[in-house]
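The primary structure of each chain is shown beneath.
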Amino acid sequence: MKLSLSRGIEGFLQFFYPIFKKWLAYDVYAYLAVGAINTALNIFLFAVLYEFILPKSGLDIGSYNIASYTLALIISFFATIPTGFWLSKNFAFKSVDVGKKKTGKQLFKYVLVVSQGLGSDYLILKGLIVFFSMEPTVAKIISTVIVLTVNFLLQKYFTFKKS
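Everything quoted here is computed from the prediction, not taken from an experiment.

Looking at the UniProt feature "transmembrane region" (unreviewed entry) in the chain
Right, so step 1: As annotated in UniProt, the feature "transmembrane region" (unreviewed entry) corresponds to residues 28–54, 66–87, 107–125 and 137–154 in the numbering used here.
Right, so step 2: Here residues 137–154 runs as 100% helix and 0% strand, with 25 Å between its end C-alpha atoms.

Topic: the nonpolar core
Right, so step 1: Of all hydrophobic cores here, the largest spans 34 residues; its most connected members are Leu13, Val34, Phe46, Tyr69 and Leu125.
Right, so step 2: For this core, the elements supplying multiple residues, two or more each, are α1 (2–20), α2 (26–53), α3 (68–92), α4 (100–132) and α5 (136–159).
Right, so step 3: Ranked by residue count, the leading element in this core is α3, at 10 residues.
Right, so step 4: Other than its neighbours up to four places away in sequence, Val34 contacts Ile9, Leu13, Leu87, Phe91 and Ala92.

A few points about unusual backbone geometry
Right, so step 1: Not every positive phi belongs to a glycine, and Ser133 is a case in point at roughly 50°.
Right, so step 2: Take Ser133: it is sitting in the loop between α4 and α5.

Some details on the packing of aromatic side chains
Right, so step 1: Taken as a whole and assessed by the stated rule, the structure comprises 15 aromatic pairs.
Right, so step 2: For the pair Phe15 and Phe16, a centre-to-centre distance of 5.0 Å together with 85° between the ring planes defines the contact as edge-to-face.
Right, so step 3: On the basis of relative accessible area, Phe15 is assigned to the exposed category, the value being 62%.
Right, so step 4: Ring geometry for Tyr17 versus Tyr26: centroids 5.0 Å apart, planes at 80°, classification edge-to-face.
Right, so step 5: Clustering of aromatic rings is evident, with ring pairs tying together Tyr31, Phe85, Phe93, Tyr110, Phe152 and Phe160.
Right, so step 6: It is Lys56 that lies over the ring of Tyr50; its NZ or CZ is 4.0 Å from the centre.
Right, so step 7: Lys109 extends its terminal NZ or CZ atom over the ring of Phe158, reaching a point 4.9 Å from the ring centre.

Let's talk about α5
Right, so step 1: Along its 24 residues, α5 runs just 30 Å from first to last C-alpha, ending more than 12% under the 34 Å computed at 1.5 Å per residue.
Right, so step 2: When we look at burial in α5, the residues that qualify are Pro136, Thr137, Ala139, Lys140, Ser143, Thr144, Val147, Asn151, Phe152, Gln155 and Thr159.
Right, so step 3: Buried residues along α5 sit in contact with α2, α3 and α4.
Right, so step 4: Between a side-chain oxygen at the N-terminus of α5 and the backbone nitrogen of Thr137 the separation is 3.0 Å; the capping residue is Glu135.

Calculation criteria
- Residues numbered from 1 in each chain as written.
- Predicted model: local features only at pLDDT ≥ 70, side-chain atom pairs only at ≥ 80, totals over all residues.
- Heavy atoms only, no water.
- UniProt positions renumbered as here; feature names shortened; annotations may be inferred.
- Helix = DSSP H or I, 4+ residues; strand = E, 2+ residues; numbered from the N terminus.
- Core = buried A, V, L, I, M, F, W, Y, C linked by side-chain atoms within 4.5 Å.
- Buried < 20%, exposed > 50% of the residue type's maximum accessible area, 1.4 Å probe, protein only.
- Contact = heavy atoms within 4.5 Å.
- Phe/Tyr/Trp six-rings, centres within 6.5 Å; stacked < 30°, edge-to-face > 60°.
- Lys NZ or Arg CZ within 6 Å of the ring centre and 35° of its normal.
- Expected span 1.5 Å × (residues − 1).
- Polar contact = N/O pair within 3.5 Å; in protein donor to acceptor, adjacent residues only side chain to side chain.

Listed below in structure tokens is the structure:
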């Protein structure tokens, strides 16, 4: 399954790349394409959790209330780490497998970068909701665009940096 899924994703990327070739290097195009897949999954999970599954009143833990959008953000974040790493490693940055140690190091760096992204995402999301009274799903989309731009640069020059 993994092999045919990989071939399918690669075929999809190669099929549409000629449209974007004039404006984007392949790694940027591939990052945006596979990032869009993972981001869509993240936003979809966030929206389903926030709109349909989690209680609108949030979750009370002792005397503290965790907002439902915060819970949705955290759950969707952790659910999309594995898919994001796999897509980035195999399609956007095409890291050569040089052993488990290198992959483990890349995974650690990836988690650091996306954790920074989660912190930034949360602060931007919270700011848009609290200070601008924005609807949480719309705020999530805006914060995601900002965070993805920063994350691309960090993933390219830190996580999957060519030796």
